[in-house]
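Take a look at the letters that make up each chain.
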Amino acid sequence: MRSIAVINQKGGVGKTTTAVNLSAGLAKAGKRVAIVDLDPQAHATLHLGIDPRSARNTTYHLLTGDAEFDGMWRTTDDGLKVAAAHLDLAAAEVELAGIVGREAILRDKLAAVAGDLDYLVIDCPPSLGLLTLNALAAVQDVFLPLQPHFLALHGLSKLMQTVGLVAHRLNDRLRMAGVVLCLYESGTRLATEVTSDVEEYFTRLRSEGPVWQHVRLFSSRIRRNIRLAEAPSFGQSIFGYDPASAGAEDYESLTSEVVSYYAGREALEQSAEPAALPAPTADQRAA
(Lines give C-alpha, C1' and ligand atoms only; values in the text may rest on other atoms or scores of the structure.)
Protein backbone atom coordinates (compact mmCIF):
# COMPACT_ATOMS: atom_id res chain seq x y z
CA MET A 1 0.00 0.00 0.00
CA ARG A 2 1.19 3.49 -0.88
CA SER A 3 0.16 5.91 1.86
CA ILE A 4 0.09 9.66 1.26
CA ALA A 5 -0.52 12.60 3.60
CA VAL A 6 -1.75 15.71 1.78
CA ILE A 7 -0.52 18.62 3.88
CA ASN A 8 -0.27 22.38 3.92
CA GLN A 9 -0.63 24.44 7.07
CA LYS A 10 -1.97 27.30 4.96
CA GLY A 11 -5.64 27.03 4.07
CA GLY A 12 -7.20 27.77 0.70
CA VAL A 13 -4.43 26.29 -1.45
CA GLY A 14 -6.32 23.29 -2.86
CA LYS A 15 -5.39 20.75 -0.19
CA THR A 16 -8.78 19.03 0.21
CA THR A 17 -9.60 19.45 -3.47
CA THR A 18 -6.38 17.60 -4.31
CA ALA A 19 -6.86 14.89 -1.67
CA VAL A 20 -10.40 14.13 -2.88
CA ASN A 21 -9.87 14.33 -6.63
CA LEU A 22 -6.52 12.55 -6.68
CA SER A 23 -8.13 9.75 -4.65
CA ALA A 24 -11.09 9.63 -7.04
CA GLY A 25 -8.74 9.64 -10.02
CA LEU A 26 -6.79 6.69 -8.62
CA ALA A 27 -10.04 4.79 -8.00
CA LYS A 28 -11.14 5.61 -11.55
CA ALA A 29 -7.84 4.10 -12.74
CA GLY A 30 -8.82 0.80 -11.13
CA LYS A 31 -6.86 1.12 -7.89
CA ARG A 32 -8.18 0.16 -4.44
CA VAL A 33 -8.24 3.54 -2.72
CA ALA A 34 -9.30 4.94 0.64
CA ILE A 35 -9.34 8.52 1.87
CA VAL A 36 -9.08 9.37 5.57
CA ASP A 37 -10.43 12.77 6.64
CA LEU A 38 -8.36 14.07 9.57
CA ASP A 39 -9.53 17.67 9.27
CA PRO A 40 -12.07 18.75 11.94
CA GLN A 41 -13.74 20.91 9.29
CA ALA A 42 -14.72 17.63 7.57
CA HIS A 43 -14.44 19.21 4.14
CA ALA A 44 -13.29 16.01 2.39
CA THR A 45 -16.22 14.17 4.00
CA LEU A 46 -18.70 16.79 2.79
CA HIS A 47 -17.03 16.98 -0.62
CA LEU A 48 -17.82 13.28 -1.13
CA GLY A 49 -21.48 13.67 -0.15
CA ILE A 50 -21.29 12.28 3.39
CA ASP A 51 -22.99 14.08 6.25
CA PRO A 52 -20.50 13.95 9.16
CA ARG A 53 -23.41 13.78 11.61
CA SER A 54 -24.71 10.58 10.00
CA ALA A 55 -21.52 8.57 10.50
CA ARG A 56 -21.60 6.41 13.61
CA ASN A 57 -17.85 5.92 13.66
CA THR A 58 -15.56 8.72 12.49
CA THR A 59 -11.87 9.53 12.69
CA TYR A 60 -12.62 11.15 16.04
CA HIS A 61 -13.75 7.76 17.41
CA LEU A 62 -10.78 6.12 15.70
CA LEU A 63 -8.25 8.28 17.56
CA THR A 64 -9.99 8.61 20.91
CA GLY A 65 -11.87 5.31 21.25
CA ASP A 66 -12.00 1.69 20.19
CA ALA A 67 -13.25 2.22 16.62
CA GLU A 68 -11.38 0.46 13.81
CA PHE A 69 -11.27 1.16 10.10
CA ASP A 70 -13.17 -2.00 9.20
CA GLY A 71 -16.24 -0.66 10.97
CA MET A 72 -16.22 2.85 9.59
CA TRP A 73 -15.62 2.78 5.83
CA ARG A 74 -18.26 4.49 3.68
CA THR A 75 -18.14 3.79 -0.07
CA THR A 76 -18.86 6.53 -2.63
CA ASP A 77 -20.07 6.35 -6.22
CA ASP A 78 -16.42 6.76 -7.29
CA GLY A 79 -15.59 3.47 -5.58
CA LEU A 80 -13.67 5.24 -2.85
CA LYS A 81 -13.61 4.06 0.73
CA VAL A 82 -14.00 7.03 3.10
CA ALA A 83 -13.20 7.37 6.79
CA ALA A 84 -15.34 10.38 7.64
CA ALA A 85 -14.42 13.21 9.98
CA HIS A 86 -16.57 14.96 12.57
CA LEU A 87 -16.39 18.40 14.19
CA ASP A 88 -15.59 16.65 17.50
CA LEU A 89 -12.18 15.88 16.00
CA ALA A 90 -11.16 19.41 17.05
CA ALA A 91 -11.23 18.20 20.67
CA ALA A 92 -9.05 15.16 20.05
CA GLU A 93 -5.77 16.94 20.73
CA VAL A 94 -6.97 17.94 24.21
CA GLU A 95 -8.44 14.53 24.99
CA LEU A 96 -5.24 12.74 23.96
CA ALA A 97 -2.89 15.10 25.78
CA GLY A 98 -2.07 12.60 28.52
CA ILE A 99 -1.98 9.46 26.36
CA VAL A 100 1.38 7.77 25.89
CA GLY A 101 2.16 7.13 22.23
CA ARG A 102 -0.65 9.40 21.03
CA GLU A 103 1.30 10.28 17.85
CA ALA A 104 1.20 6.63 16.69
CA ILE A 105 -2.51 5.81 17.18
CA LEU A 106 -3.37 6.18 13.50
CA ARG A 107 -0.31 4.19 12.39
CA ASP A 108 -1.24 1.26 14.60
CA LYS A 109 -4.84 1.16 13.37
CA LEU A 110 -3.86 1.47 9.71
CA ALA A 111 -1.71 -1.66 9.98
CA ALA A 112 -4.87 -3.80 10.07
CA VAL A 113 -6.11 -2.62 6.63
CA ALA A 114 -2.85 -2.02 4.74
CA GLY A 115 -3.21 -5.25 2.75
CA ASP A 116 -6.67 -4.29 1.50
CA LEU A 117 -5.62 -1.13 -0.36
CA ASP A 118 -3.35 0.06 -3.15
CA TYR A 119 -3.43 3.71 -2.06
CA LEU A 120 -4.43 5.48 1.13
CA VAL A 121 -4.72 9.28 1.11
CA ILE A 122 -5.04 11.36 4.28
CA ASP A 123 -6.50 14.86 4.15
CA CYS A 124 -4.74 16.69 6.98
CA PRO A 125 -5.89 19.81 8.83
CA PRO A 126 -4.28 23.17 8.00
CA SER A 127 -2.02 23.02 11.07
CA LEU A 128 1.01 21.16 12.39
CA GLY A 129 -0.64 19.80 15.55
CA LEU A 130 -1.29 16.29 16.85
CA LEU A 131 -3.65 15.30 14.03
CA THR A 132 -1.03 16.10 11.40
CA LEU A 133 1.67 14.38 13.45
CA ASN A 134 -0.50 11.22 13.51
CA ALA A 135 -0.73 11.36 9.73
CA LEU A 136 3.02 11.90 9.29
CA ALA A 137 3.81 9.04 11.67
CA ALA A 138 1.52 6.70 9.70
CA VAL A 139 2.35 7.34 6.03
CA GLN A 140 5.23 6.82 3.65
CA ASP A 141 4.89 9.99 1.60
CA VAL A 142 3.91 13.65 1.85
CA PHE A 143 2.24 15.57 -0.99
CA LEU A 144 2.23 19.34 -0.75
CA PRO A 145 -0.47 21.29 -2.66
CA LEU A 146 0.88 24.77 -3.25
CA GLN A 147 -0.61 27.89 -4.76
CA PRO A 148 1.94 29.71 -6.95
CA HIS A 149 1.72 32.88 -4.89
CA PHE A 150 4.30 34.60 -2.72
CA LEU A 151 2.31 34.22 0.52
CA ALA A 152 1.82 30.50 -0.16
CA LEU A 153 5.58 30.05 0.18
CA HIS A 154 5.56 31.62 3.63
CA GLY A 155 6.06 28.95 6.30
CA LEU A 156 7.27 26.32 3.84
CA SER A 157 10.56 25.86 5.69
CA LYS A 158 8.64 25.23 8.95
CA LEU A 159 6.61 22.48 7.29
CA MET A 160 9.76 20.90 5.89
CA GLN A 161 11.35 21.07 9.34
CA THR A 162 8.34 19.25 10.82
CA VAL A 163 8.53 16.53 8.14
CA GLY A 164 12.25 16.12 8.85
CA LEU A 165 11.73 15.85 12.61
CA VAL A 166 8.97 13.26 12.27
CA ALA A 167 11.14 11.23 9.89
CA HIS A 168 14.01 11.37 12.39
CA ARG A 169 12.04 10.61 15.56
CA LEU A 170 8.80 8.80 14.67
CA ASN A 171 8.80 7.40 11.15
CA ASP A 172 12.01 6.59 9.33
CA ARG A 173 10.02 5.58 6.20
CA LEU A 174 8.65 9.10 5.72
CA ARG A 175 9.57 10.88 2.50
CA MET A 176 8.67 14.26 1.03
CA ALA A 177 7.38 12.98 -2.31
CA GLY A 178 5.55 15.53 -4.41
CA VAL A 179 4.49 19.13 -4.87
CA VAL A 180 1.26 19.93 -6.73
CA LEU A 181 0.69 23.46 -8.03
CA CYS A 182 -2.99 24.36 -7.58
CA LEU A 183 -5.12 27.39 -8.49
CA TYR A 184 -2.67 27.86 -11.31
CA GLU A 185 -3.10 30.82 -13.66
CA SER A 186 -1.03 30.00 -16.70
CA GLY A 187 0.54 32.84 -18.59
CA THR A 188 1.04 35.09 -15.57
CA ARG A 189 4.48 36.28 -14.64
CA LEU A 190 3.86 35.59 -10.94
CA ALA A 191 3.00 31.91 -11.52
CA THR A 192 6.11 31.45 -13.66
CA GLU A 193 8.40 33.11 -11.10
CA VAL A 194 7.00 31.24 -8.09
CA THR A 195 7.13 27.91 -9.96
CA SER A 196 10.80 28.56 -10.70
CA ASP A 197 11.45 29.41 -7.03
CA VAL A 198 9.70 26.23 -5.85
CA GLU A 199 11.68 24.06 -8.28
CA GLU A 200 14.94 25.66 -7.13
CA TYR A 201 14.03 25.21 -3.45
CA PHE A 202 13.29 21.49 -3.76
CA THR A 203 16.24 20.88 -6.05
CA ARG A 204 18.50 22.13 -3.23
CA LEU A 205 16.56 20.07 -0.69
CA ARG A 206 17.11 16.79 -2.57
CA SER A 207 20.78 16.75 -1.58
CA GLU A 208 20.04 17.07 2.15
CA GLY A 209 19.19 13.44 2.91
CA PRO A 210 16.93 10.49 2.08
CA VAL A 211 13.77 12.25 3.29
CA TRP A 212 14.01 14.62 0.34
CA GLN A 213 15.78 12.68 -2.39
CA HIS A 214 12.62 11.63 -4.30
CA VAL A 215 10.71 14.93 -4.05
CA ARG A 216 9.20 15.96 -7.35
CA LEU A 217 7.40 19.05 -8.60
CA PHE A 218 4.66 17.41 -10.66
CA SER A 219 4.40 18.82 -14.14
CA SER A 220 0.58 18.66 -14.06
CA ARG A 221 -0.89 22.03 -13.12
CA ILE A 222 -4.30 22.30 -11.47
CA ARG A 223 -5.76 25.36 -13.12
CA ARG A 224 -8.21 27.68 -11.41
CA ASN A 225 -11.56 26.20 -12.47
CA ILE A 226 -15.09 27.02 -11.33
CA ARG A 227 -16.20 23.39 -11.72
CA LEU A 228 -13.72 22.34 -9.03
CA ALA A 229 -15.26 24.92 -6.70
CA GLU A 230 -18.81 23.76 -7.50
CA ALA A 231 -18.29 20.00 -7.11
CA PRO A 232 -18.27 19.90 -3.26
CA SER A 233 -21.72 21.48 -3.05
CA PHE A 234 -23.03 18.52 -5.07
CA GLY A 235 -21.19 15.98 -2.90
CA GLN A 236 -19.14 14.68 -5.80
CA SER A 237 -15.58 14.49 -7.03
CA ILE A 238 -14.84 16.42 -10.21
CA PHE A 239 -15.06 13.13 -12.15
CA GLY A 240 -18.62 12.59 -10.98
CA TYR A 241 -19.70 16.22 -11.27
CA ASP A 242 -18.22 17.25 -14.62
CA PRO A 243 -15.87 14.71 -16.20
CA ALA A 244 -15.45 16.92 -19.29
CA SER A 245 -14.23 19.96 -17.34
CA ALA A 246 -10.72 21.40 -17.25
CA GLY A 247 -10.56 20.42 -13.59
CA ALA A 248 -11.21 16.76 -14.41
CA GLU A 249 -8.61 16.94 -17.19
CA ASP A 250 -6.01 18.35 -14.78
CA TYR A 251 -6.62 15.79 -12.04
CA GLU A 252 -6.65 12.95 -14.56
CA SER A 253 -3.25 14.17 -15.75
CA LEU A 254 -1.99 14.35 -12.15
CA THR A 255 -3.32 10.85 -11.44
CA SER A 256 -1.42 9.41 -14.40
CA GLU A 257 1.71 11.21 -13.29
CA VAL A 258 1.39 9.92 -9.71
CA VAL A 259 0.92 6.32 -10.90
CA SER A 260 4.00 6.65 -13.15
CA TYR A 261 5.95 8.25 -10.31
CA TYR A 262 5.29 5.30 -8.01
CA ALA A 263 6.06 2.78 -10.74
CA GLY A 264 9.43 4.46 -11.16
CA ARG A 265 10.00 4.59 -7.41
CA GLU A 266 9.19 0.89 -7.09
CA ALA A 267 11.65 -0.04 -9.83
CA LEU A 268 14.32 2.12 -8.22
CA GLU A 269 13.70 0.63 -4.77
CA GLN A 270 13.87 -2.92 -6.12
CA SER A 271 17.12 -2.25 -7.97
CA ALA A 272 18.60 -0.78 -4.79
CA GLU A 273 17.90 -3.92 -2.74
CA PRO A 274 21.08 -5.73 -1.73
CA ALA A 275 21.86 -8.86 -3.68
CA ALA A 276 21.06 -12.15 -1.96
CA LEU A 277 24.03 -13.91 -0.43
CA PRO A 278 25.10 -17.03 -2.35
CA ALA A 279 24.13 -20.37 -0.83
CA PRO A 280 26.96 -21.92 1.21
CA THR A 281 28.97 -24.69 -0.43
CA ALA A 282 29.11 -28.21 1.01
CA ASP A 283 32.55 -27.48 2.47
CA GLN A 284 31.28 -24.26 4.10
CA ARG A 285 28.29 -26.09 5.60
CA ALA A 286 30.57 -28.80 6.97
CA ALA A 287 32.81 -26.19 8.52
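Scroll up for the structure.
About the cut-offs
- Residues numbered from 1 in each chain as written.
- Predicted model: local features only at pLDDT ≥ 70, side-chain atom pairs only at ≥ 80, totals over all residues.
- Heavy atoms only, no water.
- Phe/Tyr/Trp six-rings, centres within 6.5 Å; stacked < 30°, edge-to-face > 60°.
- Buried < 20%, exposed > 50% of the residue type's maximum accessible area, 1.4 Å probe, protein only.
- Lys NZ or Arg CZ within 6 Å of the ring centre and 35° of its normal.
- Core = buried A, V, L, I, M, F, W, Y, C linked by side-chain atoms within 4.5 Å.
- Helix = DSSP H or I, 4+ residues; strand = E, 2+ residues; numbered from the N terminus.
- Contact = heavy atoms within 4.5 Å.
- Expected span 1.5 Å × (residues − 1).
- Arc of directions from axis to C-beta.

## Side note on the packing of aromatic side chains
Move 1: Going through the model one piece at a time under the given rule, you end up with 8 aromatic pairs.
Move 2: For the ring pair F69 and W73, a centre distance of 5.0 Å and an interplane angle of 20° mean the geometry is stacked.
Move 3: Note on F69: relative accessible area 1%, which makes it buried.
Move 4: Connected via pairs of aromatic rings, a cluster forms that spans Y119, F143, F218, Y261 and Y262.
Move 5: Lying over the aromatic face of Y184, R221 brings its terminal NZ or CZ to 5.6 Å of the ring centre.

## Digging into the nonpolar core
Move 1: Judged by nonpolar contacts, the single largest core of 55 residues is most densely connected at F69 and F202.
Move 2: In terms of residue count, helix α7 (residues 156-169) provides more of this core than any other element does, 6 residues in total.
Move 3: Setting aside its immediate chain neighbours within four residues, F202 contacts L144, L156, M160, M176, V179 and V215.
Move 4: Formed by 35 residues, the second largest nonpolar core is a distinct cluster that contains A19, L22, Y119 and V180.

## A closer look at α7
Move 1: Relative to the 20 Å expected for 14 residues at 1.5 Å per residue, α7 spans 20 Å between its end C-alpha atoms, a close match to the ideal helical length.
Move 2: Every buried residue of α7 is accounted for by L156, L159, M160, T162, V163, V166 and A167. Mapping the buried residues of α7 onto a view down its axis gives an arc of 155°, with all of them on the same face. Residues of α7 that are exposed and point over 90 degrees away from its buried face: S157, H168 and R169.
Move 3: Buried residues along α7 sit in contact with α6 (130-138), β6 (141-146), β7 (175-184) and α8 (189-205).

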